Amino acid sequence: MTAPLRILHVTNSLGAGGAEMNLVSILARTPPGFENHVAYFDPQEQLLGDFRRYAKIHWVGGRAALWNIRRLIDGLKVDVVHTQLLDATFLGRLAALGTACPVLTTLQNAFYDGKDFGRFSSVRKPLTLLLDRLTSRRAWRLIAVSNYVKAHFVEQTRFPAERIDVIPNCLDRSRVHRPAPEAIARARRDVGLGDEDVVLIDVARLMKEKGQADAIRALPAIKRKVPRARLLLVGQGPERASFEALARTLEVGPDVIFAGVRPDVPALLHGSDLFVFPSRREGLSVALVEALAVGLPAVVGDIPQNREVGEGLSSVRFIPAGVPEKLAEEAIALLTDPQARANAERAAQGIEERHSPERAAELFFAVCNQAAGRA
C-alpha cells in the first residue's frame, strides 16, 4: 500500500485573510492519498478550527521558526513543502535547503509592482527582490493566483514562465449561501446598523493600499444623494486610527462603522447593498470573489487583478485610485439603479463556476503529485 503523500504547508498565520481562506477551501477538498500539515508562526488564529478539520497543525513561532520548520521537514519525512505569503515563503524555502524535498510556492500578490510597496521601503525592496530571486530557484514550481501575478513575477525575477501554473483563488461556497433572514438581521444589529440603512460594505485589511480612505472621502457626496448610506468596514489593520480620524474630520464619523474581524461576514454581505473595494494592489481578492458570488453590485479599484474577476459584468464599476469623486459617482449610480442588484445576482453563478474550489483543489494536488514524482 502506497504511503500518503505528506505536504507541509508553511504560511504566516491562521488568520482570516484571503490567502488563508483559500488554503482552507483547498484542504477541505483533499483527495485520498494525501496528508496535510500546516506550520505557522504569526499568532493570528481566527481560522484555527477550520484548519484543524483538514490538517495537523504545528506552531513554529519564535526566533527558532526556521529551525522548527526544518525539524518538521525531517521529522515528518515531508514529500512536498508548499509555501504562501512572503515571510513564510522565505522561511520554507530556506528550511528545505539541503533536502531532497521539492518546494512549491503560491504567489498571492504582485509584491514589486512599483505602485505601493507597503512595508517595503526603497532600501528593503531591492534586498527582498534579490532574496526572492535567489530562493525561488529552490522552488520546483510556482502557483500564481492570477495571470497578472504570474506575468509580474516573471518580469521581476526572471523565473521561467513555463514553471508557473495559474490557479485562481477559489470560493468557499459555505460563505456565500444565503443565511436565514434572522441571522442577517442579527448581524446587521450587532454592528449597529438600522433597518433602513443603505449599506456599503468593504471587507479587507485596513491598509493604505486597500483604498478605504477613498471610500470614506466619497461618503459625504454619497449621503447627499442617498441619505441613509453608511459605510461598513470589516477588517482590522494598521490604518484604523487614521481612517477613524479621517471620518471624524469629514463629519461622517457615526456613518463609518469599523466592525473589526467578524465571524459573520457572509450574513453581513447578504445584508448589504453595495460592495466597495477601491484597492490598489491585490493578488486575486477572495473578498471580491465572495461579494460578487453573493450577488452584490460593486465599485472596484481599476487594477488588472480586479478586472480578472469582474471584467464584463454590468454590475461592477471600475474606478481609478485616489479619485473619491468617481467612487461616489459610480456608487450612487448603482445604488439608484433598480436593475443593478438583479444584474449582480444573475452574474453570481458565473463567478461561482469560475472560482470553483473543486477545480482549484484538483489542480493544486495534481501539481503536488508531479512535484513528488507520483504523476
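Nothing here was measured: the structure is a model prediction, and the numbers come from that model.

All right, on to the overall build of the chain then. If you tally the helices and strands in the chain, you get 15 helices and 13 strands. For the chain, the spread of C-alpha atoms along the principal axes amounts to about 65 × 45 × 35 Å. Taken across its 375 residues, the chain has 56% of its residues classed as buried. Taking as baseline every contact in the chain between residues at least 6 positions apart, the subset at least 24 positions apart corresponds to 72%. When the accessible surface of the chain is summed, it comes to about 15,800 Å², and 51% of that surface belongs to carbon and sulfur atoms.

On to the nonpolar core, then. If you look at the biggest cluster of nonpolar residues, it comprises 45 residues, and the most contacted ones within it are I201, V203, L232, V234, L269, F275 and L292. For this core, the leading source of residues is helix α11 (residues 286-294), giving seven residues. Among residues more than four places away in sequence, those in contact with L269 are I201, V203, F275, E290, A291, V294 and L296. Residues L200, L206, L219 and L327 belong to the second largest nonpolar core, which totals 28 residues.

Before going further, it helps to examine the sheet that holds strand β12 (residues 298-301). Read from one edge to the other, the open sheet built from six strands follows the order β10-β9-β8-β11-β12-β13, with strand pairing classed as parallel. Lying at the two open borders of the sheet, with one neighbouring strand each, are β10 (256-260) and β13 (316-319). Direction aside, neighbouring strands of the sheet carry axes that sit 25° apart on average. The sheet strands contacting helix α8 (residues 212-225) are β8 (198-203), β9 (229-234) and β10, and the helix crosses β9 at an angle near 165°.

Turning to the packing of helix α4 (residues 86-95) against helix α5 (residues 124-136), a few remarks are in order. Look at α4 against α5: their axes get within 10 Å of each other, and the N-to-C directions meet at 40°. As the angle between them shows, α4 and α5 are arranged oblique. In this structure, α4 meets α5 at a crossing whose hand is left-handed. Of the residues in α5, those in contact with L86, F90, R93 and L94 of α4 are T128, L131, D132, T135 and S136.

Reading guide: rules and limits
- Residues numbered from 1 in each chain as written.
- Predicted model: local features only at pLDDT ≥ 70, side-chain atom pairs only at ≥ 80, totals over all residues.
- Heavy atoms only, no water.
- Helix = DSSP H or I, 4+ residues; strand = E, 2+ residues; numbered from the N terminus.
- Buried < 20%, exposed > 50% of the residue type's maximum accessible area, 1.4 Å probe, protein only.
- Contact = heavy atoms within 4.5 Å.
- Areas by Shrake-Rupley, 256 points an atom, 1.4 Å probe, with all protein chains shown as cover.
- Core = buried A, V, L, I, M, F, W, Y, C linked by side-chain atoms within 4.5 Å.
- Pairing = 2+ DSSP bridges.
- Axes fitted to C-alpha atoms, helices over the stretch in contact; angles between N-to-C directions.
- Parallel < 35°, antiparallel > 145°, perpendicular 65-115°, else oblique.
- Left-handed = near helix turned anticlockwise from the far one by under 90°.

Treat this as a map of the structure, not an account of what it does.
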